[in-house]
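What follows is each chain in one-letter form.
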2 protein chains.
Amino acid sequence: MRYSIEGVEGLPEITEGDDLAALIVEALPAPLADGDILVVTSKIVSKAEGRVVRADDREQAITDETVRVVATRRTGDSVTRIVENRLGVVGAAAGVDASNAPEGTVLLLPVDPDASARSLATGIRALTGARVGVLLSDTLGRAWREGQTDIAIGAAGVHVFDDLRGQTDATGKPLAVTMPCVADELAGAAELVKGKAAGVPVAVVRGLGRLVGDLDLPGARTIVRPAERDLFRQGADEAYDEGYRAGFDEAQAEGPLRGA
Amino acid sequence: MRYSIEGVEGLPEITEGDDLAALIVEALPAPLADGDILVVTSKIVSKAEGRVVRADDREQAITDETVRVVATRRTGDSVTRIVENRLGVVGAAAGVDASNAPEGTVLLLPVDPDASARSLATGIRALTGARVGVLLSDTLGRAWREGQTDIAIGAAGVHVFDDLRGQTDATGKPLAVTMPCVADELAGAAELVKGKAAGVPVAVVRGLGRLVGDLDLPGARTIVRPAERDLFRQGADEAYDEGYRAGFDEAQAEGPLRGA
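Residues numbered from 1 in each chain as written. Chains lettered and ligands numbered in written order. Predicted model: local features only at pLDDT ≥ 70, side-chain atom pairs only at ≥ 80, totals over all residues. Heavy atoms only, no water.

Looking at this structure, I do not really get empty space enclosed by the protein. What am I missing?
Rolling a probe over the atoms, with the probe sized like a water molecule, indicates the empty space that remains. Scanning the entire structure with this criterion turns up six cavities of 30 Å³ or more. Reported here for the largest cavity is a volume of approximately 370 Å³. As for the largest cavity, its lining consists of 25 residues, of which Arg142 and Thr149 of chain A together with Arg142, Thr149 and Ile151 of chain B are closest to the centre. Residue composition of the lining of the largest cavity, by class: nine nonpolar, six polar and 10 charged. (1 Å grid on protein atoms, 1.4 Å probe; cavity = no way out; pocket = protein on both sides within 12 Å on 5 of 7 lines; lining within 4 Å. Points joined across faces, edges and corners; volume = space filled by probe spheres on them. Nonpolar A, V, L, I, M, F, W, Y, C, P; charged D, E, K, R; others polar.)

Next up, the structure:
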């Protein structure tokens, strides 16, 4: 078992309306083969789709992209809102980001990253004849652990989970609860060659063809755990405050101390 | 920029006292070179260190390994405790796991995974003369996202973060808050060849030598965000309940309704 990941260098600066599939195929260091997976930084998809707003409108853009505020962190004068965005992804600033955006602008995430991934995969399959998968990646912080990792916000033609439920481990015991999120692992693996500073927005993964399939496989949206099933659907401070108000109101509604 | 990951097959079943460094070096498909990184499933380190208890003692083992219960999920009759373990890692069952453990037993995490990684890296460097890094991996669920990814719980001779603070993006803007956790990304990348069912507990990463350094680099313990600085240090239900009790008590202490 062996695979490789290579960064795709030399892509031009992407602007609205660019044919991203054609530009990526042109920049490839070697022809694609069946089973290759392209991991594409969602930022260049946002640029091709014209998902750019003026930096002055950043706060409004974050508000527009936010479905739900999950937690708020105040550090001195700055406030970071951890929010659930339209896509169900929980992170800082709803994916609205100035880095690698044209001067004076910020980038929003693609409207529908799974659809963007499907469109890219369709285009690249047509241009190359190779049955490839496409992942769209974004950079995200995590609960409990410092730093960020790249994760998959869009997927087409790639299994996002390696569903092992029902299989057995090396000793023959069932792997009951194991469902590795291979799409997130691939996005992180690709970050190691793409980097943030290097301007390499695409990586090609070769040797993991077992994860590639039809274009109608479930997308990255299926990785999102619905808030109502998440034990961490709300920040600890926010949940405490909500509980405090409910408890306070309840005690007041009950009137004088019971048994007093 | 290109790197490869290869699974190391043919390792024997590991038991207490085994010289893991020697066994891994014997099983390598090709000689190691300076800058290679070995990602080792922490399970085989646990086995070599004798961190095995009887399955009957599983609940007690989880309790012993737990520093703090973060959240509790009840599904029918079964209860999953999300806990912070001795190592600061937040996850289910404190890393106590039956999969790939000898029949009738469960495995605990290594006592000090950073020390275990350092010992392995020292041994492998001595045996091969190659300046390699070592990561110890474990499989973990996440907040907000379904499925699991492999993350790093031990590290030696590898930078766990690619610290970009102070660098600039491709447009020249400072990358203020970006600190990719490359150790976790590498652990996830290696999972893609190791798998859970395949019995391949070690992978060799070649081509990322820029991440390899001295054996006294900060370990994986530094990835853990201290609970007091974490917005999700407690499950939403647990925080709500704690707030509710505090609010209720406060209202009762205040006595009759103010202004009533």
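Explanation requested: the packing of helix α1 (residues 20-27) of chain A against helix α4 (residues 113-128) of chain A in the structure shown.
A packed helix pair is summarised by two numbers, namely the angle formed by the two axes and the spacing between the axes. All names here are of chain A. At their nearest, the axes of α1 and α4 sit 9 Å apart, and the two run at 50 degrees to each other. Regarding the angle of α1 to α4, the classification is oblique. As for how α1 packs across α4, the hand of that crossing is right-handed. Every residue of α4 that contacts α1 at Leu20, Ala21, Ala22, Ile24 and Val25 is listed here: Leu120, Gly123, Ile124, Leu127 and Thr128. Along the lines of polarity and charge, the residues of the contact of α1 with α4 split into eight nonpolar, two polar and no charged. (Axes fitted to C-alpha atoms, helices over the stretch in contact; angles between N-to-C directions. Helix = DSSP H or I, 4+ residues; strand = E, 2+ residues; numbered from the N terminus. Parallel < 35°, antiparallel > 145°, perpendicular 65-115°, else oblique. Left-handed = near helix turned anticlockwise from the far one by under 90°. Contact = heavy atoms within 4.5 Å.)

Could you clarify how one ought to interpret the pairing of strand β5 (residues 78-85) of chain A in this entry?
The side chains of a regular strand alternate, first on one face of the sheet and then on the other. Residue and element names in this part refer to chain A. Two strands pair when backbone bridges link them, and strand β4 (residues 66-75) and β5 are joined in this way by eight bridges, in the antiparallel orientation. Bridge assignment links alanine 71 to a residue of β5, and that residue is isoleucine 82. Once β4 ends, the chain turns through two residues before running back antiparallel as β5, passing glycine 76 with a positive phi of about 60 degrees. In this structure, β5 lies alongside strand β6 (residues 90-92), joined through three bridges in antiparallel fashion. Following the sheet pairing, glutamate 84 is matched in β6 by valine 90. As consecutive antiparallel partners, β5 and β6 are separated by four residues, and within that stretch glycine 88 has a phi angle of approximately 85 degrees, a positive value. (Pairing = 2+ DSSP bridges.)

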